Amino acid sequence: MPGLFYDGVTYDTIICNGRWFDGTGAPSAVANIGIRNGHIAAITEDDLDPTGCSDVVDAAGKWVLPGMLDIHTHYDVEVLDGPALTESLRHGVTTVMLGSCSLSTVHVGGTDAGDIFGRVEAIPRDHVIDAVERNKTWTNCEEYIAALEARPLGPNVAAFIGHSDMRAATMGLDRATRKDVRPTRTEQAQMERWLADALKAGFVGMSSQQLLFDKLDGDVCRSRTLPSTYAKPRELRRLKSLLRRTGRVLQSGPDIQNPLNLVSQLVQSLGLIRNPLKTSLLSAADVKSNPYSIHALGPAARLVNRLGGNFRWQHLPVPFEVYADGIDLVVFEEFGAGAAALHLRDEVERNDLMRDEAYRRRFRKEYESKLGIRVWQRDFFDAEIVACPDTSIVGKSFGQVGKERGGGHPVDAFLDLVLEHGRALRWRTTISNHRPEVLKKLARDAGIQMGFSDAGAHLRNMAFYNMGLRLLRHVRDAERAGQPFMTVEQAVHRLTGDLADWYRLDAGHLRVGDRADLVIVDPARLDDSLDAYAEEAVEQYGGLSRMVNRNDDTVSAVYVGGRAVFVGGRPTDLVGKQRTGRFLRAAHKAPAISAQEGELASVS
């Protein structure tokens, strides 16, 4: 029988009788965990001596796992004024990655940041400009890290340096988004120096983007694609060579309209006579618009990796359900008629366009076209109205409304309702990841990473802050049904240690000596509450209401660096007042933060 374990240590926290997962995929076990000075000091079947310990947690019947990693966020703006990042913390995410999709705020000024982030990520442009201009004290990556750590960070933060960030800051946003302009030798050398400085400072790598329906906001460059999409092969090759030499990561998004670009993104990971390029590509998704493409992605990654590459797809392990207010949704950017409407900021001009019969003919033609690769299935019969001043149409699809109003085309039904109700018309559709059996296969695939939450962006369109919990529920439910597709240990590994090890971050594990970043989950509450959405005002965005997840009974407690940040679904007094997280430098051991250090980053 287990006895009392005493080694003369006084613990800051003791977690008793929980089912402990170490993040490696090894078998779990019921254990008692002792935390001291921000680290795991003991893991044992024996009872730990609680003398002098002010925080003893009974985790009987619950799971104790490493804090989860979110490898694809757009918190770059929010972290400046809301560094607690509570929407991720509350769901057991203790490490977030900034700088995705070629976007970061290390080098660009406020106006350019507003133009780059505003429309692409659906973050209010004026608030982006204000946040960057008011907070920016840094001129390089080390100063940027220091600025983040001077704030009361909630979770740990790691980062990519954004290619569009560097390109716009070097060349100016106008020149950086012209097809006939290439960087001068001096400008190319500047980008290479900045990337080298970022890698030396511990950034995990560089993010780029070749996807052509991400459009700029603002006036000067409005509706041009992101700066990184204008980069020619020589520019990209020289930047990638720095990543190859240092073993760091390229995160990229291919031009899905150009199959050769997708193939080149896969092939570039190969080493052959040089170092392989660690590549994380957006994204593996079971899209409704092309249900067969997903079957090629896993084999492609496995082939590249067998040939010596180091390639991963990013994947959202839950149904990709999106909401929209009127026509404001990024998927409309992928075809001409949709992009033409979103180009117009003035509501009167936009409404005039949507009334125009020539425009409607164009919209109908592009809606019905089956040619080319697309993200959105473009099916208004598969789009449900969830809120509208005309309550008689709530719960119906635009296609149904069209039929009921005289058999009109679903495009005309949609445009008529947008003209009538504007942003008060709220609707939803599921774009991808709708087949549970396919999600099971993707979850097991070693060439696929669990990520792509887009946390901090598309605030009115989607909420995947709890995607890790939803994967755990999927695994648990299959196990209960006698049809397991992976073990809970493997699922925890996919959400924690697997990601941390590949990105070379000191996170994702729960062993003696590791920093005590952990989450306590009640498996009995991995239930339907995980699917629900709620609304929460974002103070730093002028009170804008964003979609969030609220399943507070599922996560019993969250610790960052051994300090409790969420208990019983509520933030502790530390959150937003003292720093508990830190900037995680790639390939570096990250010590825990002392209470004194946390207080240095406190807010009054």
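Residues numbered from 1 in each chain as written. Predicted model: local features only at pLDDT ≥ 70, side-chain atom pairs only at ≥ 80, totals over all residues. Heavy atoms only, no water.

The protein chain carries the name Amidohydrolase 3 domain-containing protein in an unreviewed UniProt entry, which gives Mycolicibacterium holsaticum as its organism.

Caption draft 1: Just the sheet that holds strand β16 (residues 384-387), in detail. Here 3 strands make up an open sheet; going across it, the order is β15-β17-β16 and the pairing antiparallel. In this open sheet, the two strands that pair with only one neighbour each are β15 (320-325) and β16. The sheet shows a mean angle of 35 degrees between the axes of neighbouring strands, taken without regard to direction. In this structure, β15 lies alongside strand β17 (residues 426-432), joined through 6 bridges in antiparallel fashion. Its bridge partner being in β17, E321 is matched across the sheet by T430. (Pairing = 2+ DSSP bridges. Helix = DSSP H or I, 4+ residues; strand = E, 2+ residues; numbered from the N terminus. Axes fitted to C-alpha atoms, helices over the stretch in contact; angles between N-to-C directions.)

Caption draft 2: Main features of the nonpolar core. In this structure, I116, I161, L195, F203 and W313 are the most contacted members of the largest nonpolar core, which totals 99 residues. Take this core: its biggest share by element is 6 residues, from helix α8 (residues 185-201). Filtering out sequence-adjacent residues up to four positions away, L195 remains in contact with I161, M166, M206, L239, L242 and L243. Within the second largest apolar cluster, 39 residues are counted, among which are L316, F414, L417 and V418. (Core = buried A, V, L, I, M, F, W, Y, C linked by side-chain atoms within 4.5 Å. Buried < 20%, exposed > 50% of the residue type's maximum accessible area, 1.4 Å probe, protein only. Contact = heavy atoms within 4.5 Å.)

Caption draft 3: Representation of the sheet that holds strand β11 (residues 205-207) in the model. Taken together, the 8 strands give an open sheet; going across it, the order is β8-β9-β10-β11-β12-β13-β14-β18, and neighbouring strands pair in parallel fashion. If you trace the sheet from one side to the other, it starts and ends with β8 (68-70) and β18 (448-450), each paired once. Mean inter-strand twist for the sheet, computed between neighbouring axes without regard to direction, equals 30 degrees.

Caption draft 4: The arrangement of the UniProt feature "domain: Amidohydrolase" (unreviewed entry) in the protein chain in detail. The positions that UniProt labels "domain: Amidohydrolase" (unreviewed entry) are, in the present scheme, residues 55-245. Measuring from the first to the last C-alpha atom of residues 55-245 gives 46 Å, for a span that is 41% helix and 14% strand. (UniProt positions renumbered as here; feature names shortened; annotations may be inferred.)

Caption draft 5: Examining unusual backbone geometry more closely. With omega at -20 degrees, the peptide bond leading from L282 into S283 counts as cis. Mapped onto the fold, S283 is located in the loop between β13 (278-282) and α11 (294-306). Despite not being glycine, N17 has its phi angle at roughly 65 degrees, a positive value. Mapped onto the elements of the fold, N17 is located in strand β2 (residues 13-20). With a relative accessible area of 36%, N17 lands in the partly exposed category.

Caption draft 6: Main features of the side chain of E366. Along the chain, E366 falls in helix α14 (residues 357-368). One polar contact links the side chain of E366 to the main-chain amide nitrogen of G336, over a distance of 3.4 Å. For E366, the residues in contact, after removing those within four places along its chain, are F335, G336, A337 and R378. (Polar contact = N/O pair within 3.5 Å; in protein donor to acceptor, adjacent residues only side chain to side chain.)

Caption draft 7: Looking closely at the packing of aromatic side chains. Taken as a whole and assessed by the stated rule, the structure comprises 25 aromatic pairs. Ring geometry for Y144 versus F203: centroids 6.3 Å apart, planes at 40 degrees, classification tilted. Of the two residues, Y144 sits in helix α5 (residues 141-149) while F203 sits in the loop between α8 and β11, which places them 59 residues apart along the sequence. The pair formed by Y144 and F203 is uniform in burial state, with each residue classed as buried. Taking the centre distance of 6.2 Å and the plane angle of 50 degrees together, the rings of F332 and F335 count as tilted. By the burial criterion, F332 is buried, and F335 matches it. (Phe/Tyr/Trp six-rings, centres within 6.5 Å; stacked < 30°, edge-to-face > 60°.)

Caption draft 8: Spatial organisation of the packing of helix α13 (residues 347-355) against helix α16 (residues 410-421). As a packed pair, α13 and α16 sit with axes 10 Å apart at the nearest point and diverge in direction by 150 degrees. Here α16 runs roughly antiparallel to α13, going by the angle between their axes. α13 and α16 meet at a crossing whose hand is left-handed. Mapping the contact onto sequence places N351, M354 and R355 in α13 and L415, V418 and L419 in α16. The class makeup of the residues in the contact of α13 with α16 is 4 nonpolar, 1 polar and 1 charged. (Parallel < 35°, antiparallel > 145°, perpendicular 65-115°, else oblique. Left-handed = near helix turned anticlockwise from the far one by under 90°. Nonpolar A, V, L, I, M, F, W, Y, C, P; charged D, E, K, R; others polar.)

Caption draft 9: Geometry of the pairing of strand β21 (residues 544-548). Where strand β20 (residues 534-538) meets β21, 5 bridges bridge the pair, whose relative direction is antiparallel. The residue of β21 that forms the bridge with E536 is R546. Taken together, β20 and the strand that follows it, β21, pair antiparallel across an intervening segment of 5 residues, in which G542 is found at a positive phi of about 70 degrees.

Caption draft 10: Focus on helix α17 (residues 436-444). Restricting attention to buried positions, one finds in α17 the residues V438, L439, K440, L442 and A443. Those residues of α17 hidden inside the fold are in contact with α11, β14 (311-315), β18, α18 (467-480) and α19 (488-495).

Caption draft 11: Just the domain arrangement of the protein chain, in detail. Partitioning the protein chain into domains gives domain 1 (68-319 + 433-503) and domain 2 (322-428). The C-alpha-based centres of domain 1 and domain 2 are spaced at 29 Å. Counting residues at the interface gives 20 residues for domain 1, matched by 22 residues for domain 2. A combined buried area of about 1800 Å² lies between domain 1 and domain 2, and 45% of that area is made up of carbon and sulfur atoms. When the buried surface of domain 1 facing domain 2 is broken down by residue, F213, R460 and N461 rank first, second and third, together holding 32% of it. R345 is paired through a salt bridge with D219; the nearest N and O atoms lie 2.0 Å apart. (Domains from an automatic or database assignment. Buried area = accessible area lost by both parts, 1.4 Å probe. Salt bridge = Lys/Arg side-chain N within 4 Å of Asp/Glu carboxyl O.)

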